[in-house]
Amino acid sequence: MNTEPKRIPTAKSSIELYEAMARKYDLTAKQHSWLPPDVAFGLVFEYIKPRQKLLDVGCGTGLSSKYFSKVGVETYGIDGSKNMIKEFRKKGFAKELKVIDLNDGKYPYPDKFFDQVISVGGFSFFRTLEPFIQESYRVLKDGGIFSFNVEELRGNEKNEYSNIDNAVIFKDMLKETGVKIYRHNFEQIINLLKKHNFETLKTLNYHAFKSPSIGKDIYSTVFVARRLKI
């Protein structure tokens, strides 16, 4: 039986794309060696304690938060795709999953509720990260850990990006899938974390995966930051 996933569909938005991909998402991630969940968990591991509460922003099917759950962390997830949440719910380890519109960068949880906030892959679909950094600070406890990754633009790929909506967009991905993938500047992220009272603990740039949409290597940078008390 042929288990190869179908070609990534064309969509009008990231939500529409992932609604269509949800049932095949885990298989596609496995076949294309999707590494960011493993890398994020490895970098954060030393800050994890059993019975902590974790919020997975843009949680998808739970590929990232499953590692945290296995070591006793209570998992909450939010995502814009009903179908991705449906696939996540089948796995049975989440404390709570919610379908919400992430475009306003608001989390439906009270102040200082979580010990960990993660977002693996989700922030690439948003032009600005400041609302997410600000909200992550709000819902984290003092000393809580915020970890996330963004796609990195390598020097020899500049001609593959263009300026749209006052941001940098991956042209090939937009052409193939109809979805805007944003690149975020390293120094700007460091400054935003500092502005919103986070201490940057770790950063790592690495080869994240080979894109199933365009067949090219994609590089990513992961950030691990601690919420400072003010």
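Everything below is about the structure printed above this text.
Note that this is a predicted model, so its numbers are computed, not measured. (Residues numbered from 1 in each chain as written. Predicted model: local features only at pLDDT ≥ 70, side-chain atom pairs only at ≥ 80, totals over all residues. Heavy atoms only, no water.)

Remarks on the packing of aromatic side chains
For the structure shown, the criterion picks out 19 aromatic pairs. With a centroid separation of 4.9 Å and 35 degrees between ring planes, the pair formed by Phe123 and Phe132 is classed as tilted. You'll find Phe123 and Phe132 in the same group, each marked buried. Seen from their ring centres, Phe146 and Phe198 are 5.4 Å apart, and the 40 degrees between their planes marks the pair as tilted. One end of the pair, Phe146, is in strand β5 (residues 140-152); the other, Phe198, is in strand β9 (residues 198-210), and 52 residues separate them in sequence. Classification of Phe146 as buried rests on a relative accessible area of 0%. Phe198 sits in the buried class, given a relative accessible area of 4%. Among the aromatic residues, those joined into a ring-pair cluster are Phe123, Phe126, Phe132, Tyr137, Phe146, Phe148, Phe186, Phe198 and Phe223. (Phe/Tyr/Trp six-rings, centres within 6.5 Å; stacked < 30°, edge-to-face > 60°. Buried < 20%, exposed > 50% of the residue type's maximum accessible area, 1.4 Å probe, protein only. Helix = DSSP H or I, 4+ residues; strand = E, 2+ residues; numbered from the N terminus.)

So, the pattern of salt bridges
Across all of its chains, the model carries 12 salt bridges by this definition. Between Glu96 and Lys98 there is a salt bridge; the shortest N-O distance is 3.9 Å. Judged by relative accessible area, Glu96 falls into the partly exposed class, the value being 29%. The network of salt bridges with shared partners includes Asp111, Glu135 and Arg138. (Salt bridge = Lys/Arg side-chain N within 4 Å of Asp/Glu carboxyl O.)

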